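Observations on chain architecture
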Amino acid sequence: MENSLSLFRARPQDGAAWVTGASSGIGREVAKSLAARGYRVIATARSVDKLNTLASEGKGLPGEIIAMPGDVTDETAMAQLVAQIGTEHGGLALAVFNAGLFLPARGERLSVDQFEQTFAVNVMGVVKGLVPAISAMAARGGGQVAI
């Protein structure tokens, strides 16, 4: 069976890098690292203030960090964000799906709601960004994804 997808390693000149969960932790550091390597980084998270701070901290780097707030659990918003990256930022070359949620669950106090919230962000949040990202990348002839 022939695979129609070939290996693609994104470079800054290929288009924008999109990082979800960019307001703190690993996502924040990935966004800064990619901007330091010359990428135009689209930083997404729910916290507008933290994203704006991150974008300010990226000033002076070879690339840039652009705050584009969004909630990974909102399928429509993720599709619109990918479309906006395509029209305003040169297309999507690299997507880093990093947004995550940890809600501690103790055996004696388990809650279905905790599991649903965790899966909504950690699993379906990836899917809701991945589907439009792959579609956009395929239309451009390539792209790279990290989960």
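Further up the page is the structure itself.
Residues numbered from 1 in each chain as written. Predicted model: local features only at pLDDT ≥ 70, side-chain atom pairs only at ≥ 80, totals over all residues. Heavy atoms only, no water.

What to know about the packing of aromatic side chains
Formally: Any two of the Phe, Tyr and Trp rings considered here, Trp counted by its six-membered ring, make a pair once their centres fall within 6.5 Å; the pair's planes then place it as stacked at under 30 degrees, edge-to-face at over 60, or tilted in between. In DSSP terms, a helix is any run of H or I states spanning at least four residues, a strand is any run of E spanning at least two, and both are numbered starting from the N terminus. The rule is simple: take the accessible area with a 1.4 Å probe, protein chains only, and divide by the maximum for that residue type; under 20% is buried, over 50% is exposed, in between is partly exposed.
For the structure shown, the criterion picks out one aromatic pair. Arranged with centres 5.4 Å apart and planes meeting at 80°, the rings of W18 and F97 form a pair that is edge-to-face. Here F97 lies in the loop between β4 (92-96) and α4 (112-122) and W18 lies in strand β1 (residues 16-20), a separation of 79 residues in the sequence. On the basis of relative accessible area, F97 is assigned to the buried category, the value being 6%.

Description of the side chain of T20
Rules: Here a residue-residue contact requires only that any non-hydrogen atoms of the pair lie within 4.5 Å.
Tracing the backbone shows T20 in strand β1. Judged by relative accessible area, T20 falls into the buried class, the value being 2%. With residues up to four places along the chain from it excluded, the contact list for T20 reads T44, V72, V96, F97, N98 and A99.

Thoughts on helix α1 (residues 25-36)
Where we set the bar: Helix span, as expected, comes to 1.5 Å for every residue beyond the first. Within this analysis, the arc is defined by the directions that extend from the helix axis to the C-beta atoms.
Between its first and last C-alpha, α1 extends 17 Å over twelve residues, near the 16 Å set by a 1.5 Å rise per residue. Within the span of α1, buried status applies to G27, R28, A31, L34 and A35. Buried positions in α1, seen along its axis, are confined to an arc of 135° and lie on one side of it. Along its buried surface, α1 packs onto β1, β2 (40-44), α2 (48-57), β3 (64-67) and β4.

Some details on the sheet that holds β3
Pairing between sheet strands relies on hydrogen bonds along the backbone, with the strands arranged either parallel or antiparallel. Threshold: A pair of strands counts as paired when DSSP detects no fewer than two bridges linking them. For helices, the fitted line uses only the C-alpha atoms of the stretch in contact; every axis is such a line through C-alpha atoms, and the angle between N-to-C directions lies from 0 to 180 degrees.
Reading across the sheet, the five strands line up as β3-β2-β1-β4-β5 and stay open at both edges, with parallel pairing between neighbours. In this open sheet, the two strands that pair with only one neighbour each are β3 and β5 (144-146). With strand direction ignored, the average angle separating the axes of adjacent strands in the sheet is 20°. Sheet topology places β1 next to β2; four bridges connect them, and they run parallel. Residue W18 lies in a different strand from β2, and its bridge partner there is I42. Strands in contact with α1 are β1, β2, β3 and β4; relative to β1, the strand with the most contacts, it is inclined by about 170°.

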